[in-house]
2 protein chains.
Amino acid sequence: MKDLFASRMSKVPRSFVREILKVTEDPEIISFAGGLPNPNSFPHKEIAEAASKVLKENGKEALQYSTTEGYKPLREWIAERYRSKGLKVHPDNILITNGSQQGLDLVGKIFVDRDDKILVERPTYLAAIQSFGLYEPNFISVPLVEDGADPSALEDILSSGRIKLFYSIPNFQNPTGTTYSKKRRQEIASILQKYGTILVEDNPYGEIRFMGSDIPPIKCYLENSVLLGSFSKIVSPGIRLGWIVADDEVMEKLVIAKQASDLHSNYLAQRIVYRYLMDYDVEEHLKNIKKMYKKQRDLMVAMIKKYFPQNVKFTQPEGGMFLWVTLPQDVSSMELFNIAIKQKVAFVPGEAFYTDDPEKNTLRLNFSNSSNEKIEEGIKRLGNAIKKLINDNKK
Amino acid sequence: MKDLFASRMSKVPRSFVREILKVTEDPEIISFAGGLPNPNSFPHKEIAEAASKVLKENGKEALQYSTTEGYKPLREWIAERYRSKGLKVHPDNILITNGSQQGLDLVGKIFVDRDDKILVERPTYLAAIQSFGLYEPNFISVPLVEDGADPSALEDILSSGRIKLFYSIPNFQNPTGTTYSKKRRQEIASILQKYGTILVEDNPYGEIRFMGSDIPPIKCYLENSVLLGSFSKIVSPGIRLGWIVADDEVMEKLVIAKQASDLHSNYLAQRIVYRYLMDYDVEEHLKNIKKMYKKQRDLMVAMIKKYFPQNVKFTQPEGGMFLWVTLPQDVSSMELFNIAIKQKVAFVPGEAFYTDDPEKNTLRLNFSNSSNEKIEEGIKRLGNAIKKLINDNKK
């Protein structure tokens, strides 16, 4: 059948991370490779209660087909939450999706023609590369500096040719943990505005800031933008619920694309999540998640300081789930991966997160889904593997 | 932003049926326009029990991210059900999707390049036109005769140029209610085989046959095919769960496309449906649905015979949810719609279901989601509207 596949499929390799995650299925391996929230943070009893109420009180309705846009009260809750954080959004400008991952697919579907230039951060979220990649764009990447995308590099890129959209994760970026400062957000917004480039602002981790203070979304400074959100890190990823915020004109296209994609997102799940949000204290729940993740992040940072050679650099994010490690210039994280696996510890080599010319000495560590014991032991093993590799290189 | 949208979006009109369903939101209108299962058939108490057990026994796991392919035991259940009906399918050749609608989108994504010729039945499922349409194919249609696609027309079309895929709904087709005979299935399979055209066999209604006997899927006679299934009519449409059956090579591409689309389908819902299938008698449940739908279909047929003019033709399907009505040649169902709405009864004009050159004297009636009283009163009103239109035309 090979000659029958669409050309877009020939450009997409089998997911690198999928292959890595397979290797790490061995229960003896301590894995910092995944991107999973900590299941101890899932409110499964509360969700059980909410499910029981929804099915008892509105069972027939909750099991029926529903509207493409999503359950109105849930969209109102999301709008209200934005309002409480200073962003005015009308519920009609919110579309419920299957996690923010589907938001990426729908954005690709409505905006990206083959060979369109789209800009991503360098490095960027792997699954966004896969999602947009199926619409066959030309990827261009803008370097991340400490507090966001480099504005002068951004201006250079945008001024040298039309870029359709810029995909950014301004809070606790996956994979680097980088957060854009307020100043950087305003600068980026004004540059995008000048060149008419759409911002696709992905914010799956914004609610799990465990240090410092919230910074308004870039959307506050730029109309021409699409904002993605998710319940995956607030409630549960397995229920696959997220959303897109967009203006009327874009929303009309998104609704058409969503309807063609799967009619609507799981309606029972939308009702259950809404009921959960109504019946329980989500702030209290978030406080607990943040407390948990901060401890795990602090422990991982302490262990890195203890066990990694001093010339290894790493980020110290104020939220989210990931640390980004930069090895000395000539040390390959792919080679490190092979050594580390033998020592029963895993991570994702950084090259998975680049659209071109990868920095081969980088890697991503997840801290949200490991026990204290595993963080201590795993980082120790990884430190040993790094030292071994650096020593081997010297020979 | 208009000039920023992808070219594929310019070709898709806002859904006709969406607009029609909006008109029919008036609670005084008796609507045969929708395509909804009867909510009285939903096992909401049993689903509540299943949800409670899953969340109690495996809550943390059921709320976590899961595999793209879907919950293995659920895929094994589907494979076993096929085996019991004579089709050998390995669970690894099944991908769980968000209803069979997402199956259509994924099939479009992996197979359809812009301007590819794809063949559909004439008329065909509206949302398939929308779903495939976003991949910008050239649609060609093959007429349906009483027992399936017309084989000589099919041969003519396939011999006159390369057709990538043929999309077919062989059981109780939406919109016409047509079912392919076994002989026709074998003929169609052998013609597709000859020309190397992929069959996309959609079977959302196969389990709700309320008369006659099951006929094997066309896939039994043709390897080069993709088979779509759904829990929407067996358990609940609101939970958005369906599946695709495909060979290894196609499955690999489907998994990549599914992962890029939304990582995986709602895992909690997959666990709940599986638990429901384990703990309850699905055959008994299906028996009740079929009994209900047969009564409604029989009543609608009886009322049509009583109230419609004799020169109006209609199908009498052995399963599914729809009847197809053909008015006299010069009578427009769009004009009828406008008269009918004033008399507070609604349906979908047939032209929505054609990719080209619509038969303007056709319309679709849904019988699954109306009470006896509504079927009696609604068909009476519709009969009057038809008579009025035919009389008006004579003037």
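It should be emphasised that the depicted structure is a prediction, and the values quoted were computed from it without experimental measurement.

## Let's talk about the UniProt feature "domain: Aminotransferase class I/classII large" (unreviewed entry) in chain A
So, step 1. The sites that UniProt annotates as "domain: Aminotransferase class I/classII large" (unreviewed entry) are residues 43-382 of chain A.
So, step 2. The span residues 43-382 of chain A is 44% helix and 16% strand, and its two end C-alpha atoms sit 32 Å from each other.

## A short note on the pairing of strand β6 (residues 165-168) of chain A
Residue and element names in this part refer to chain A.
So, step 1. Burial of the side chains of β6 extends over both faces: L165 and Y167 are buried on one face and F166 and S168 on the other.
So, step 2. In terms of strand pairing, β6 meets strand β7 (residues 198-202) through four bridges, oriented parallel. Residue pairing in the sheet places L165 in a bridge with I198 of β7.
So, step 3. In this fold, β6 hands off to helix α8 (residues 182-195), which returns the chain to β7; that crossover is right-handed.

## Some thoughts on the side chain of A:K164
So, step 1. Structurally, A:K164 can be placed in the loop between α7 (151-159) and β6.
So, step 2. A polar contact of 2.7 Å, which involves the side chain of A:K164, links it to the side chain of A:D116.
So, step 3. Other than its neighbours up to four places away in sequence, A:K164 contacts A:F111, A:D113, A:D116, A:K117, A:T197, A:I198, B:L4, B:F5 and B:A6.

## Things to note about the interface of chain B and chain A
So, step 1. With 81 residues of chain B at the interface, the matching set in chain A holds 81 residues.
So, step 2. Each partner contributes to the roughly 7100 Å² buried at the junction of chain B and chain A, and carbon and sulfur atoms together form 58% of this total.
So, step 3. The interface formed by chain B and chain A includes two salt bridges.
So, step 4. Linking A:D105 and B:K109 is a salt bridge whose minimum nitrogen-to-oxygen distance equals 2.4 Å.
So, step 5. Taken together, chain B and chain A are joined by 39 residue pairs in polar contact (both at pLDDT 80 or more).
So, step 6. Where the side of chain B that touches chain A is concerned, the elements lending two or more residues are α1 (7-10), α3 (44-62), α5 (99-111), α6 (126-133), α9 (248-262) and α10 (267-279) of chain B.
So, step 7. Looking at the side of chain B that touches chain A residue by residue, the classes come out as 36 nonpolar, 25 polar and 20 charged.

## Focus on the packing of aromatic side chains
So, step 1. Considering all chains together, one arrives at 26 aromatic pairs over all chains under this definition.
So, step 2. Between B:F210 and B:F367, the ring centres sit 6.1 Å apart and the planes meet at 70°, which makes this aromatic pair edge-to-face. Of this pair, B:F210 sits in the loop between β7 (198-202) and β8 (225-230) while B:F367 sits in the loop between β14 (362-366) and α13 (372-394); the two residues are 157 residues apart in sequence, bridging distant segments of the chain.
So, step 3. B:F210 sits in the buried class, given a relative accessible area of 10%.
So, step 4. Ring centres of B:Y276 and B:Y280 lie 5.6 Å apart, and the angle between their planes is 25°; on these two criteria the pair is classed as stacked.
So, step 5. Accessibility expressed as a relative area gives 28% for B:Y280, which makes it partly exposed.
So, step 6. Taken together, the aromatic side chains of A:W77, A:Y82, A:F231 and A:W243 make up a single cluster linked through ring pairs.
So, step 7. One cation-aromatic arrangement involves A:K253 over B:F5; the distance from NZ or CZ to the ring centre is 5.3 Å.

## Looking at the packing of helix α12 (residues 333-342) of chain B against α13(B)
All names here are of chain B.
So, step 1. Relative to each other, α12 and α13 sit at 125°, their axes nearing to 9 Å. The pairing of α12 with α13 is recorded here as oblique in orientation. Between α12 and α13 lies a crossing of right-handed hand. Between α12, through E335, L336, I339 and A340, and α13, the contact on the second element is made entirely by L382, A385, I386, K388, L389 and N393.
So, step 2. A per-class count over the contact of α12 with α13 returns seven nonpolar, one polar and two charged.

## Remarks on the side chain of B:H285
So, step 1. Following the sequence through the fold, B:H285 ends up in helix α11 (residues 282-307).
So, step 2. Residues within four places of B:H285 in sequence aside, it is in contact with B:S41, B:P43, B:I234 and B:Y276.

## Considering the sheet that holds strand β10 (residues 313-314) of chain B
Residue and element names in this part refer to chain B.
So, step 1. One open sheet holds the four strands; their spatial order is β10-β11-β14-β13, and the pairing between them is antiparallel. The outermost strands of the open sheet, each flanked by one partner alone, are β10 and β13 (348-349).
So, step 2. As judged from the two bridges shared by β13 and β14, these two strands associate in the antiparallel manner. If you follow V348 over to β14, its bridge partner there is R364.

## Digging into the relation of the copies chain B and chain A
So, step 1. Each copy superposes on the other: chain B lies on chain A with an RMSD of 0.0 Å after a rotation of 180° and an axial shift of 0.0 Å. Within this description, the copies of the chain are treated as partners about a two-fold rotation axis.
So, step 2. When the interface residues of chain B are mapped onto chain A, 100% of them again lie at the interface, so the same face is used by both copies.

Rules behind the numbers
Residues numbered from 1 in each chain as written. Chains lettered and ligands numbered in written order. Predicted model: local features only at pLDDT ≥ 70, side-chain atom pairs only at ≥ 80, totals over all residues. Heavy atoms only, no water. UniProt positions renumbered as here; feature names shortened; annotations may be inferred. Helix = DSSP H or I, 4+ residues; strand = E, 2+ residues; numbered from the N terminus. Buried < 20%, exposed > 50% of the residue type's maximum accessible area, 1.4 Å probe, protein only. Pairing = 2+ DSSP bridges. Right-handed = clockwise from strand over helix to strand, strands pointing away. Polar contact = N/O pair within 3.5 Å; in protein donor to acceptor, adjacent residues only side chain to side chain. Contact = heavy atoms within 4.5 Å. Buried area = accessible area lost by both parts, 1.4 Å probe. Salt bridge = Lys/Arg side-chain N within 4 Å of Asp/Glu carboxyl O. Nonpolar A, V, L, I, M, F, W, Y, C, P; charged D, E, K, R; others polar. Phe/Tyr/Trp six-rings, centres within 6.5 Å; stacked < 30°, edge-to-face > 60°. Lys NZ or Arg CZ within 6 Å of the ring centre and 35° of its normal. Axes fitted to C-alpha atoms, helices over the stretch in contact; angles between N-to-C directions. Parallel < 35°, antiparallel > 145°, perpendicular 65-115°, else oblique. Left-handed = near helix turned anticlockwise from the far one by under 90°. Least-squares fit on C-alpha atoms with pLDDT ≥ 70 in both.

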